[in-house]
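Fold and geometry: a report
Each chain, written out:
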Amino acid sequence: GTFRRNVLTNIGVNVVYALFLFTLGWLLLSPPTQFNCVFRVNCDNTQSMEARDLTPLALFSAGGVGSCFLGPQVKIWQEEMQPAMPPGKYWLPNTTTHCMPPPGYGTTPLTSSEISQFGCEGPNNRFSQ
């Protein structure tokens with residue numbers, strides 16, 4: 001109707017949209033932080049574990065704040081451990097083992113470039129610099 005303003009001249013909508021775009025860009029381009037891990041963007045295992053201090057923000061998270069980060073590198077360890085696991089069961093990292101696979105399974109070491117990359121230690125979804 002005639003009572004509505006054009007969205008391009010609505011200052012409130014444009015400010016909120018600009019803040020949203022700035023936050024999204026910052027999440028994608030910044031180094032891993034606890035705040036990044038709340039949104040599970042550009043996150044690594046260390047920052048994910050430290051993010052348990054951000055309890056109020058955890059309400060907005062995709063889940064797992066303060067626990068192990070389940071990056072794509074976990075799949076490598078799961079495939080290596082699968083022959084020793086019962087059918088239909090998969091190993092998942094937990095904080096009691098510091099997010100590491102149990103010893104004795106011959107898994108890829110943490111220092112391998114398949115697991116730790118782009119300056120992160122352990123599973124991550126960090127972007128290259």
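Quick caveat, the model's predicted, so the values are computed rather than measured.

1. A short note on the overall build of the protein chain
Looking only at helices and strands, the protein chain has four helices and zero strands in total. Going from N to C terminus, the protein chain has its helices and strands arranged as α-α-α-α. Taken over the C-alpha trace, the protein chain has a radius of gyration of 20 Å; the compact-globule value for 129 residues is 14 Å, which it surpasses by more than 25%. With the principal axes as the frame, the protein chain shows a C-alpha extent of 70 × 30 × 25 Å. Buried positions account for 30% of the 129 residues belonging to the protein chain.

2. Regarding helix H4 (residues 73-81)
Buried residues of H4: Gln73, Val74, Trp77, Gln78 and Met81, and no others. Angularly, the buried residues of H4 cover 145 degrees about the axis, an arc narrow enough to put them on a single face.

3. Digging into the environment of alanine 18
As for its placement among the helices and strands, alanine 18 is situated in helix H1 (residues 11-29). Judged by its relative accessible area of 44%, alanine 18 is partly exposed. As a C-alpha pair, alanine 18 and valine 74 span 56 residues in sequence and 36 Å in three-dimensional space.

4. Digging into the state of the cysteines
One way to say it: the disulfide is the covalent bond shared by the sulfur atoms of two cysteines. All chains considered together, the criterion is met by two disulfides. The side chain of cysteine 37 participates in a disulfide bridge whose partner is cysteine 43; the two sulfur atoms lie 1.9 Å from each other. Here the S-S torsion is close to 100 degrees, and the disulfide linking cysteine 37 with cysteine 43 is therefore right-handed. A single burial state applies to cysteine 37 and to cysteine 43, both of which are buried. Each disulfide pairs two cysteine sulfurs, and for cysteine 68 the partner residue is cysteine 99, the sulfurs being separated by 2.0 Å. Torsion about the S-S bond of the cysteine 68 and cysteine 99 cystine: about -90 degrees, corresponding to left-handed handedness. Of this pair, cysteine 68 sits in the loop between helix H3 (45-50) and H4 while cysteine 99 sits in the segment after H4, and the two are 31 residues apart along the sequence. Residue cysteine 68 shares its accessibility class with cysteine 99, and that shared class is buried. Here the bonded cysteines of the protein chain are numbered in sequence order, and their pairing is 1-2, 3-4. Left unpaired, cysteine 120 is separated from the closest cysteine sulfur, that of cysteine 43, by 8.5 Å. A relative accessible area of 5% means that cysteine 120 is categorised as buried.

5. A look at H1
The terminal C-alpha atoms of H1 lie 27 Å apart, and with 19 residues this matches the ideal 27 Å at 1.5 Å per residue to within 8%. Structurally, the start of H1 carries an N-cap: the backbone nitrogen of glycine 12 is 3.3 Å from a side-chain oxygen of asparagine 10.

Rules of the game
- Residues numbered from 1 in each chain as written.
- Predicted model: local features only at pLDDT ≥ 70, side-chain atom pairs only at ≥ 80, totals over all residues.
- Heavy atoms only, no water.
- Helix = DSSP H or I, 4+ residues; strand = E, 2+ residues; numbered from the N terminus.
- Rg over C-alpha atoms; globule rule 2.2 N^0.38 Å.
- Buried < 20%, exposed > 50% of the residue type's maximum accessible area, 1.4 Å probe, protein only.
- Arc of directions from axis to C-beta.
- Disulfide = S-S within 2.5 Å.
- Expected span 1.5 Å × (residues − 1).
- Polar contact = N/O pair within 3.5 Å; in protein donor to acceptor, adjacent residues only side chain to side chain.

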